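# Inside the fold
Chain by chain, the residues:
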Amino acid sequence: MQELEKLTTEYVDNEDRIRLSGQLRSGETVALWVTQRLVNRLLPHLFTALENHSDKGLPNEIVQSFALQAAKAELVESPPVLSSPKTLSWLVDAVDISVEATSVKLRFRGRQQEQVGIAFQPVQLRQWLSILHSVWGIAQWQGDIWPEWIASEKKPMQQPKKAALH
């Protein structure tokens, strides 16, 4: 399975989907199309993984909120991954999740046996969830799924600059 090194997350209005443009270790790019329905199923597992990686001595909302703010402060803007007509593009049908001691690994799978993976450290996962939450607001999708520690973030009024997550 090929691994993503860099990931750009954006909402594409005319598709009403999220596009994950990823750069593979080989330098090639791939565009993964993800539906709201699939993300709705994925998010609770990611929230649980983060909660399990956190200090149990304080209330969860406080720990997660502070950890999210710290992760966002460490986020460095970099050029986005750009798709081209030659970019392999496919609809994600399933996401396999593997929670390990120091990371959360996702494997995105398509109908034609396509698959790529990415590993997130807890800080990186919080950064990506923050980006995903912003994209969710742009899409104007219902936000009931988001826990308070993310939902209380300011919601953007416009599409943010494309930024990549390493």
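Anyway, here's the lowdown on the structure attached to this text.

What counts and what doesn't
- Residues numbered from 1 in each chain as written.
- Predicted model: local features only at pLDDT ≥ 70, side-chain atom pairs only at ≥ 80, totals over all residues.
- Heavy atoms only, no water.
- Helix = DSSP H or I, 4+ residues; strand = E, 2+ residues; numbered from the N terminus.
- Buried < 20%, exposed > 50% of the residue type's maximum accessible area, 1.4 Å probe, protein only.
- Contact = heavy atoms within 4.5 Å.
- Areas by Shrake-Rupley, 256 points an atom, 1.4 Å probe, with all protein chains shown as cover.
- 1 Å grid on protein atoms, 1.4 Å probe; cavity = no way out; pocket = protein on both sides within 12 Å on 5 of 7 lines; lining within 4 Å.
- Points joined across faces, edges and corners; volume = space filled by probe spheres on them.
- Phe/Tyr/Trp six-rings, centres within 6.5 Å; stacked < 30°, edge-to-face > 60°.
- Expected span 1.5 Å × (residues − 1).
- Bend = angle between axes of the 7 residues up to and from the residue.
- Pairing = 2+ DSSP bridges.
- Polar contact = N/O pair within 3.5 Å; in protein donor to acceptor, adjacent residues only side chain to side chain.

## Observations regarding the overall build of the protein chain
- Helices and strands together make up the secondary structure of the protein chain, namely four helices and seven strands.
- The linear arrangement of helices and strands in the protein chain, starting from the amino end, is β-β-β-α-α-β-β-β-α-α-β.
- Per-residue burial for the protein chain yields a buried fraction of 43% across its 166 residues.
- In the protein chain, of all internal contacts separated by at least 6 residues, the share reaching a separation of at least 24 is 58%.
- Working note: accessible area of the protein chain is about 9200 Å², and carbon and sulfur atoms make up 49% of it.

## Some thoughts on empty space enclosed by the protein
- Applying the stated criterion across every chain yields a total of one cavity of 30 Å³ or more.
- Estimated volume of the largest cavity: approximately 40 Å³.
- What lines the largest cavity is Ile18, Leu20, Val34, Val39, Leu42, Phe108, Trp128 and Leu132.
- Put simply, the parts of the chain that give the lining of the largest cavity at least two residues each are β2 (17–24), α1 (36–52) and α3 (122–139).

## Some remarks on unusual backbone geometry
- Positive phi outside glycine occurs at Asp16, with the angle close to 50°.
- With respect to the helices and strands, Asp16 occurs in the loop between β1 (2–12) and β2.
- Take Asp16: its relative accessible area is 41%, and that puts it in the partly exposed class.
- In this structure, Gln140 takes a positive phi of about 60° despite not being glycine.
- Along the chain, Gln140 falls in the loop between α3 and α4 (148–151).

## Here's the deal with the packing of aromatic side chains
- Taken as a whole, this structure holds six aromatic pairs when the rule is applied.
- Ring geometry for Tyr11 versus Trp141: centroids 5.5 Å apart, planes at 90°, classification edge-to-face. Here Tyr11, found in strand β1, pairs with Trp141, found in the loop between α3 and α4; they are 130 residues apart in sequence, far enough to count as distant. Comparing Tyr11 with Trp141 shows no difference in burial state: the two are buried.

## Re α1
- Taking 1.5 Å as the rise per residue, α1 with 17 residues should run 24 Å; its terminal C-alpha atoms sit 25 Å apart, in good agreement.
- Remark: the principal bend of α1, roughly 25°, maps to Leu42, with a proline, Pro44, within the next four residues.
- Among the residues of α1, Leu38, Val39, Leu42, Leu43, Leu46, Phe47, Ala49 and Leu50 are the ones counted as buried.

## Digging into the pairing of β2
- Within β2, six of the eight residues are buried, which leaves it mostly tucked inside the rest of the structure.
- Linkage of β1 to β2, two consecutive antiparallel strands, is achieved through a turn of four residues, within which Asp16 is found at a positive phi near 50°.
- Sheet analysis places β2 next to strand β3 (residues 29–34), joined by six bridges and oriented antiparallel. Looking at the pairing, Arg19 lines up with Trp33 of β3.
- Taking the residues between adjacent antiparallel strands as the criterion, β2 and β3 are bridged by four residues, where Gly27 takes a positive phi near 100°.

## Here's the deal with the environment of Thr9
- Within the secondary structure, Thr9 is located in strand β1.
- Classification of Thr9 as buried rests on a relative accessible area of 8%.
- For the pair formed by Thr9 and Trp128, sequence separation is 119 residues and the distance between their alpha carbons is 8.3 Å.
- Of note is the side chain of Thr9, whose polar atom sits 2.8 Å from the side chain of Trp128.

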